[in-house]
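# Architecture and fold: a report
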Amino acid sequence: QVQLVESGGGLVQAGGSLKLSCEASGRTFSNYDMAWFRQGPGKDREFVAHISWSGGSTRYADSVKGRCTISRDNAQNTVYLQMNSLKPEDTAVYYCAAPGSRYLSSAYYNTKTYNYWGRGSQVTVPS
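Read on for an overview of the structure. It should be emphasised that the depicted structure is a prediction, and the values quoted were computed from it without experimental measurement.

What follows covers the overall build of the protein. Looking only at helices and strands, the protein has 0 helices and 11 strands in total. Put simply, the protein runs from its N terminus to its C terminus through helices and strands in the order β-β-β-β-β-β-β-β-β-β-β. Taking 14 Å as the expected radius of gyration for a compact globule of 127 residues, we find that the protein reaches 14 Å, a close match to that expectation. The principal-axis extent of the C-alpha atoms belonging to the protein is close to 40 × 25 × 25 Å. Taking all 127 residues of the protein together, 41% fall into the buried category. Intrachain contacts of the protein at a sequence separation of at least 6 include 58% that bridge at least 24 residues. When the accessible surface of the protein is split by element, carbon and sulfur atoms take 43% of a total near 6500 Å². The positive charge centre, built from 13 side chains, and the negative charge centre, built from 9, are 3 Å apart in the protein.

We now examine the packing of aromatic side chains. Going through the model one piece at a time under the given rule, you end up with 7 aromatic pairs. With a centroid separation of 5.8 Å and an interplanar angle of 75 degrees, the aromatic rings of F37 and F47 are classed as edge-to-face. Of this pair, F37 sits in strand β4 (residues 34-39) while F47 sits in strand β5 (residues 46-51), and the two are 10 residues apart along the sequence. Given a relative accessible area of 0%, F37 falls into the buried group. Residues F47 and Y108 carry aromatic rings whose centres are separated by 5.3 Å and whose planes lie at 70 degrees to one another, so their mutual orientation is edge-to-face. A residue pair is termed long-range when its members are at least 10 positions apart, and F47 in strand β5 and Y108 in the loop between β9 (92-99) and β10 (114-117) qualify at 61 residues. Connected via pairs of aromatic rings, a cluster forms that spans F37, F47, Y95, Y108, Y109, Y114 and W117. The ring of W117 has R45 lying over it, and the distance from NZ or CZ to the ring centre is 4.8 Å. Over the aromatic face of Y108 sits the side chain of R59, whose NZ or CZ is 4.5 Å from the ring centroid.

Taken as a whole and judged by the stated rule, the model has 1 disulfide. Disulfide pairing places C22 opposite C96 at an S-S distance of 2.1 Å. The sign of the S-S torsion, about -75 degrees, decides the handedness of the disulfide formed by C22 and C96: left-handed. Taken as a pair, C22 in strand β3 (residues 18-25) and C96 in strand β9 lie far apart in primary sequence, 74 residues in all. Grouping residues by exposure puts C22 and C96 together as buried. Cysteine C68 is unpaired, with the sulfur of C96 as its nearest cysteine sulfur at 14 Å. For C68, a relative accessible area of 7% corresponds to the buried category.

Cut-offs and rules
- Residues numbered from 1 in each chain as written.
- Predicted model: local features only at pLDDT ≥ 70, side-chain atom pairs only at ≥ 80, totals over all residues.
- Heavy atoms only, no water.
- Helix = DSSP H or I, 4+ residues; strand = E, 2+ residues; numbered from the N terminus.
- Rg over C-alpha atoms; globule rule 2.2 N^0.38 Å.
- Buried < 20%, exposed > 50% of the residue type's maximum accessible area, 1.4 Å probe, protein only.
- Contact = heavy atoms within 4.5 Å.
- Areas by Shrake-Rupley, 256 points an atom, 1.4 Å probe, with all protein chains shown as cover.
- Lys, Arg positive; Asp, Glu negative; His and termini not counted.
- Charge placed at Lys NZ, Arg CZ, Asp CG, Glu CD.
- Phe/Tyr/Trp six-rings, centres within 6.5 Å; stacked < 30°, edge-to-face > 60°.
- Lys NZ or Arg CZ within 6 Å of the ring centre and 35° of its normal.
- Disulfide = S-S within 2.5 Å.

If you want it as structure tokens, here you go:
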């Protein structure tokens, strides 16, 4: 059973930084891509960042490009999301996601690609 547990959320002032972590268990972590999504109040869940199984390839939503960095430590079974220059519109619950297979069934930015989700970590940036 794959389990994903996020941590590191909280309240941060605009312009500040935060680093989210997601620890995975239940299968060989290094074999699979990983991603972060978020869901703001009253909004649909949206793609934030994706990282390949090796960490050699990363992709970002336009809204966070240049401000966020996704990384992974396969020895620690953990994926990270470093967020800088945070804005009020970054306020959301952030979810870690993992696909069901090594080869993505659909686009990396599509929620349907991911079979496993963490419970989420709240990030609040007051205006």
